[in-house]
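# Residue-level structure breakdown
These are the residues of each chain, in order.
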Amino acid sequence: MSTNISALTGKISGALSSKGSGGRSRISFPVVLLILSGALIVLSTVRVISGDINVTGTGMYVAALGWAVPIGLAGLGGLWSERAGVINIGLEGMMMLGAFCAGWIGWQYGPWAAVAAGILGGALGGLLHAVATVGFGVDHIVSGVAINILALGTVQFLSKLWFGAEGSEAAQAGGNDKQSPRIDDMPTITVPGLSDWLGTLASKDWFLLSDTAGILRALVTNMSWLTVLTVLLFVGSYFVLWRSAFGLRLRASGESPVSAESLGVNVYAYKYYAVVMSGALAGLGGAFLAVGVHFYQDGQTGGRGYIGLASMIFGNWRPGGVAMGAGLFGFMDALQLRGGGSTLHAVLLVAVFLMAALAIWKLWQGRRAIAALNAGIAIGLLIWYLGTDTLPKELVEASPYLTTLLVLTLFAQRLRVPKTIGVPYRKGEGK
């Protein structure tokens, strides 16, 4: 039996590797460290030039981490589904179901019960999407949009019925037709000693050292257990999808389901597994939002399911890339909520440095026209920064969405989409 499994794994692995990723080399760990070091130097320089302490302040990165987690969970959910060949536009609706279920159960039984309920609610949304797309062959986009609309109507109707009914226990506990009663606090993690030491170092105002300490302190101060769980889920997803026979078969179901079926893989089952897991992860993201603010509220997801999809695309359907994309979008959310126009104005300098570095890189590659374009953009941004003191409120509020569009535009050329994503599959097609 083990020999047959090994042979099957080897054949599927060969089929996947032959499709490759366009011959692009993967970024090595030393290169990642170099990029992080360069980013820290740029942020420190911007903080010194602008005088805005929020650029590297602990509070900013605590907020960024809090916003990044639900986006990352939605993106990771999309990765599971789309690696199996099923487009999941319904992540937003699954997050709504997760947030609502967390609010419904959480005020009665506590935050951990809320988390479990959120996962279950999202998984049910994923199961509905799987039945429609995998079982009945419904167009994936149509099914996802329908789930978003259905989820919105369902949670609004049930909120009025369960939270806002006059004289009900929920209403007496503080609920109304748009909000659940309060959920108890979830304990947080602070590393004693290290958090205080980093705080002291951050207050010294030393170039790079204090800035690095301020950012790192966000990782050891008042961190939610759900954030730790999210990190474990990202690591676990990598090992399950890329280092196990189960993950290999699941990815084969999205790359070449006919070939996978010919090797004995139950393609239907793996697609179901992936889409239900996708919904569960999105539901956990919704539960994180509800538990974080201590109640479910109408409109709580705020489009983060869609931004999660953007982080998945930015990350090229890889867990590490999804995490980076979620971090970027979470940072932009934190900027517009905590820093406002002045901090976002300072971040224009970060864009200046990035475009200048990109211009130098393109020039080194011999692509002079693109290098000149990037240099022109850098100069334009610098003039904008020098000519203003802050950014308009409307631009600040739109910054996360503008960043999403910009990132997708810049990275669209390097994407390697699973081969049969969105293509209906029927058993026995290859015969």
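In this report, the structure presented in the accompanying data block is examined. Computed from a predicted structure; not experimentally measured.

### A word on the packing of aromatic side chains
For any pair of aromatic rings, geometry is given as the distance between the ring centres together with the angle between the planes. The full count for this structure, using the stated rule, is 12 aromatic pairs. Linked through ring pairs, Phe100, Trp104, Trp162, Phe163 and Tyr296 together constitute an aromatic cluster.

### Let's talk about helix 4 (residues 91-109)
A rise of 1.5 Å per residue sets the reference length of helix 4, with its 19 residues, at 27 Å; its end C-alpha atoms lie 26 Å apart and thus fit the reference within 8%. Most of helix 4 sits inside the fold, with 16 of its 19 residues counted as buried. Looking one or two residues beyond helix 4, the residue adopting positive phi is Gly110, at roughly 105°.

### A look at the nonpolar core
The biggest cluster of nonpolar side chains holds 42 residues, and the ones touching the most others in it are Leu79, Trp80, Val115, Leu226, Leu241, Leu250 and Met312. Of all the secondary-structure elements, those providing two or more residues to this core are helix 3 (58-83), helix 4, helix 5 (111-135), helix 10 (225-242), helix 11 (245-255), helix 13 (267-293) and helix 14 (304-314). When residues of this core are assigned to their parent elements, the largest contribution, 11 residues, is made by helix 13. When residues no more than four places from it in sequence are discounted, the contact partners of Met312 are Gly75, Gly78, Leu79, Glu82, Trp317 and Val322. Among the nonpolar cores identified, the runner-up in size contains 26 residues, and Ala218, Met332, Ala346 and Ala378 belong to it.

### So, helix 16 (residues 368-387)
Three- or four-residue spacings in an α-helix give side chains the same orientation, since the helix completes a turn every 3.6 residues. Look at helix 16: 28 Å from first C-alpha to last across 20 residues, which is about the 28 Å you get at 1.5 Å a residue. Those residues of helix 16 that fall on the buried side of the exposure criterion are Ala371, Asn374, Ala378, Leu381 and Tyr385. Along the axis of helix 16, the buried positions cluster into a sector of 90°, meaning they face one direction only. Exposed residues lying more than 90 degrees from the buried face of helix 16 are Arg368, Ala369, Ala372, Leu373, Ile379, Ile383 and Gly387.

### Here's the deal with the environment of Tyr268
Take Tyr268: it is sitting in helix 13. Its relative accessible area of 26% is what places Tyr268 among the partly exposed residues. Separated by 159 residues in sequence, Tyr268 and Lys427 have C-alpha atoms that sit 8.0 Å apart. If sequence neighbours within four positions are ignored, Tyr268 has contacts with Val134, Tyr425, Arg426 and Lys427.

### Let's talk about the pattern of salt bridges
Applying the stated criterion across every chain yields a total of 5 salt bridges. Here Glu255 and Arg83 are joined by a salt bridge, their closest N and O atoms 3.9 Å apart. On the criterion of sequence distance, the pair formed by Glu255 in helix 11 and Arg83 in helix 3 is long-range, its members being 172 residues apart. Per residue, the accessibility class of Glu255 equals that of Arg83, and both read buried. Linked by salt bridges that have partners in common, Arg47, Asp205 and Asp211 make up one network.

### Examining unusual backbone geometry
One non-glycine residue, Asn316, adopts positive backbone phi at about 55°. Summarising the element assignment, Asn316 is placed in the loop between helix 14 and helix 15 (319-364). Of the residues examined, Asn316 reaches a relative accessible area of 15% and is grouped as buried. Of note, Trp317 is a non-glycine position whose phi angle comes to about 60°, a positive value. Residue placement: Trp317 occurs in the loop between helix 14 and helix 15. Note on Trp317: relative accessible area 4%, which makes it buried.

Conventions and cut-offs
Residues numbered from 1 in each chain as written. Predicted model: local features only at pLDDT ≥ 70, side-chain atom pairs only at ≥ 80, totals over all residues. Heavy atoms only, no water. Phe/Tyr/Trp six-rings, centres within 6.5 Å; stacked < 30°, edge-to-face > 60°. Helix = DSSP H or I, 4+ residues; strand = E, 2+ residues; numbered from the N terminus. Expected span 1.5 Å × (residues − 1). Buried < 20%, exposed > 50% of the residue type's maximum accessible area, 1.4 Å probe, protein only. Core = buried A, V, L, I, M, F, W, Y, C linked by side-chain atoms within 4.5 Å. Contact = heavy atoms within 4.5 Å. Arc of directions from axis to C-beta. Salt bridge = Lys/Arg side-chain N within 4 Å of Asp/Glu carboxyl O.

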